[in-house]
Amino acid sequence: MWQRIHALTIKEFLALLRDPRARVVIIVPPIVQLIVFSFAATFDLNHVPMAVYDRDGGPEAQALVARFTGSEHFELVAQVHRQQDLARLIDDREALMVLSIDPRFSHDLRSSEGAQVQLILDGRNSNTAAIAMGYARSIAGGFGEDWLEAHGGPKPPSILVTRAWFNPNLVSRWFIVPGIVGLLVLVVVMVVTALSVAREREQGTFDQLLVTPLHPAEILVGKAMPGLIIGLLEATVIIAVATWGFDIPLRGHLATLYVGLGLFLLSAVGVGLMISALSATLQQAVLGAFLFLVPAVILSGFATPIANMPPLVQDLTLINPMRYFMVVLRGVFLEGTPFGLLIDQFWPMEVIGMATLAFAGWLFRHRMY
C-alpha cells in the first residue's frame, strides 16, 4: 500500500513541478505576500499630517507644539492663523489633525483648573483617527506631567502608568507577522490540493486512476501528501524569516508550534481535497478555493478580534481551522504558551481535518464507482 501511495505522491509532485503555472503559484505568491504584509500591513501610524492653530504664542504653547513635531508619529504641514482655515485643511485632507491652542493656555496652565487643548480630527477614517488621538493624548499627558514636576504645581489625583506585556513596545508587526504563517500556508495548501483532482479530470487522466490497483483511501492519501509536504516547507521558511529577518520573538517551544502546524495542514488539506472532489473543472476548483479562503481569513482573527463580531458570526468561526491556528501561532510566538494550554485549539483542528478528509474520501468512492 505504501509503495502505491509513494508512487502517487511522486506523480503529484512531478505534475506540480512540470507545470510552470503551478511552480509560480507555489513560490512567488508566498514571497510577495510575506514582503507586502510584513512591511505594508501595520497598525502603527507615522508622519501623520497635522496643523497647529496656536493662539497663545507663549513658550509653554511652543513647548507643547515641539512635543508633537518632535515625535515620529506627527509631521507639521501647516500653521493656521485664521479659524476659517481649519475646515479647509480637514476637508481637503491636507491635515488629519489640527492642534488648537487657546489664547489663555499659558495662563490656565498655572491655574488650579489647568489648561485644555483642542484636537480636531478627520473622522472619515475612524480607525486612523482613533489611533492618532491616542498618540496625541499620550504626548499631551506627558507634557502636563513634566510641566507640573518642573514647576512644583499640584500633582494630579492619579497618574496612569501603562505597561504592555508580551509586546512591550506595541509593535504591530509582532502581531501581524506570526499570523502570516497561517495565511500563506492556507493559500498555498488550498491551491495545491484544490486543483489536484480537478486538474486530472479536466486533462482526462483521472480515469486512468480507476484501472490502477489504488484504492480510494490510497488516492486520498497520495493526493494529500504533496500539500502537507509543501505546506510544511513553506511554513518553515516563513517562520525562519519571521524570527531571523523581522526579529519576531519565538518564546514557545518549536514542537508545540509544529504540532499545531501539522493539525492545521491536515484540516486545510481536507478542505482542499473536498473542494477538488466536488469540482469538475479547474475553474470550479479555483472558485471553490476562493470562496473558502476569503471568509476563512476574515473570520480567523487575523486582523480583527473575533470577540468584536456578532454572536452568529462568532459561531461560524468555530468551523474555521484558521481561527484555532491563529491562537496557536500568536500564543507560541509572543506568549510562550505551553502545549497543555493549547489542547483546546488542537482538537478542533483535528476534528475538522478528519471530517473533511472522510467526506473527501466518500466523494472519491462515490465518483469512482
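That block above? That's the structure.
Before going into details, it helps to say that this report is about the structure given with it.

About the criteria used
Residues numbered from 1 in each chain as written. Predicted model: local features only at pLDDT ≥ 70, side-chain atom pairs only at ≥ 80, totals over all residues. Heavy atoms only, no water. Axes fitted to C-alpha atoms, helices over the stretch in contact; angles between N-to-C directions. Helix = DSSP H or I, 4+ residues; strand = E, 2+ residues; numbered from the N terminus. Parallel < 35°, antiparallel > 145°, perpendicular 65-115°, else oblique. Contact = heavy atoms within 4.5 Å. Nonpolar A, V, L, I, M, F, W, Y, C, P; charged D, E, K, R; others polar. Salt bridge = Lys/Arg side-chain N within 4 Å of Asp/Glu carboxyl O. Buried < 20%, exposed > 50% of the residue type's maximum accessible area, 1.4 Å probe, protein only. Expected span 1.5 Å × (residues − 1). Pairing = 2+ DSSP bridges. Core = buried A, V, L, I, M, F, W, Y, C linked by side-chain atoms within 4.5 Å. Polar contact = N/O pair within 3.5 Å; in protein donor to acceptor, adjacent residues only side chain to side chain. Phe/Tyr/Trp six-rings, centres within 6.5 Å; stacked < 30°, edge-to-face > 60°. Arc of directions from axis to C-beta.

Concerning the packing of helix α8 (residues 196–203) against helix α11 (residues 254–278)
Axis separation between α8 and α11 bottoms out at 7 Å; the angle between their running directions is 20 degrees. With respect to their mutual orientation, α8 and α11 come out roughly parallel. Only Leu273, Ser276 and Ala277 of α11 make contact with α8, whose side of the interface consists of Ser196, Val197, Ala198 and Arg201. Looking at the contact of α8 with α11 residue by residue, the class counts come to four nonpolar, two polar and one charged.

Remarks on the pattern of salt bridges
For the coordinates displayed, the defined rule picks out four salt bridges. In this structure, Arg104 and Asp108 form a salt bridge, with 3.8 Å as the shortest nitrogen-oxygen distance. Of the residues examined, Arg104 reaches a relative accessible area of 46% and is grouped as partly exposed.

Topic: helix α14 (residues 321–335)
Counted at 1.5 Å a residue, the expected span for α14 with its 15 residues is 21 Å, and the 21 Å between its end C-alpha atoms agrees. A large share of α14 lies buried, amounting to 12 of its 15 residues. Following α14 by one or two positions, Gly336 has its phi on the positive side, about 70 degrees.

Digging into the sheet that holds strand β4 (residues 117–121)
Taken in spatial order, the four strands of this open sheet run β2-β1-β3-β4, and their pairing is mixed. What marks the edges here is a single partner per strand, and that holds for β2 (74–79) and β4. Averaged over all adjacent pairs, the angle separating strand axes in this sheet is 30 degrees, with direction ignored. Here strand β1 (residues 48–54) runs beside β2; their pairing, made up of five bridges, is parallel. Bridge pairing in β2 links Val48 to Phe74.

Topic: the nonpolar core
Among the nonpolar cores identified, the biggest contains 55 residues, and Leu186, Phe333 and Met349 are the most heavily contacted of them. Secondary-structure elements contributing two or more residues to this core are α7 (172–194), α10 (216–245), α11, α12 (282–298), α14 and α15 (343–368). It is α7 that provides the largest number of residues to this core, a total of 13 residues. Here Met349 is in contact with Gly260, Leu263, Phe264, Ser267, Pro321, Tyr324, Phe325 and Val328, once residues within four sequence places are set aside.

A word on the side chain of Thr193
With respect to the secondary-structure elements, Thr193 resides in helix α7. Accessibility expressed as a relative area gives 0% for Thr193, which makes it buried. In terms of polar contacts, Thr193 uses its side chain to reach the backbone carbonyl oxygen of Val189, at 2.7 Å. Once residues lying within four places of it in the same chain are set aside, the contact partners of Thr193 are Lys223, Gly227, Ala268, Val269, Gly272, Leu273 and Ser276.

A few points about the side chain of Ser100
Relative to the helices and strands, Ser100 resides in strand β3 (residues 97–101). Within the local environment of Ser100, its side chain forms a polar contact with the side chain of Arg55, the two groups lying 3.3 Å apart. If near-sequence neighbours (up to four positions away) are discounted, Ser100 is found in contact with Tyr53, Arg55, Val117 and Gln118.

Describing the packing of aromatic side chains
Evaluation of the coordinates by the stated rule reveals five aromatic pairs. Judged by centre distance (6.4 Å) and plane angle (25 degrees), the rings of Phe105 and Phe143 are stacked. Placement of Phe105 in helix α5 (residues 105–109) and of Phe143 in helix α6 (residues 126–151) is noted, with a sequence separation of 38 residues between them. Summarising the burial analysis for this pair, Phe105 and Phe143 share the class buried. Between Phe359 and Trp362, the aromatic rings sit 6.0 Å apart at their centres with planes inclined by 10 degrees, giving stacked as the arrangement.

Some details on helix α4 (residues 84–91)
Spacing of three or four residues puts side chains on the same side of an α-helix, whose turn is 3.6 residues. For α4, the set of buried residues is Asp85, Leu86, Leu89 and Ile90. Take α4 and look down its axis: the buried residues cluster within an arc of 135 degrees, on one side only. Residues of α4 that are exposed and point more than 90 degrees away from the buried face comprise Gln84 and Asp91. Buried residues belonging to α4 abut β1, β2, β3 and β4. Phi for Arg93, located one or two positions after α4, is positive at around 60 degrees.

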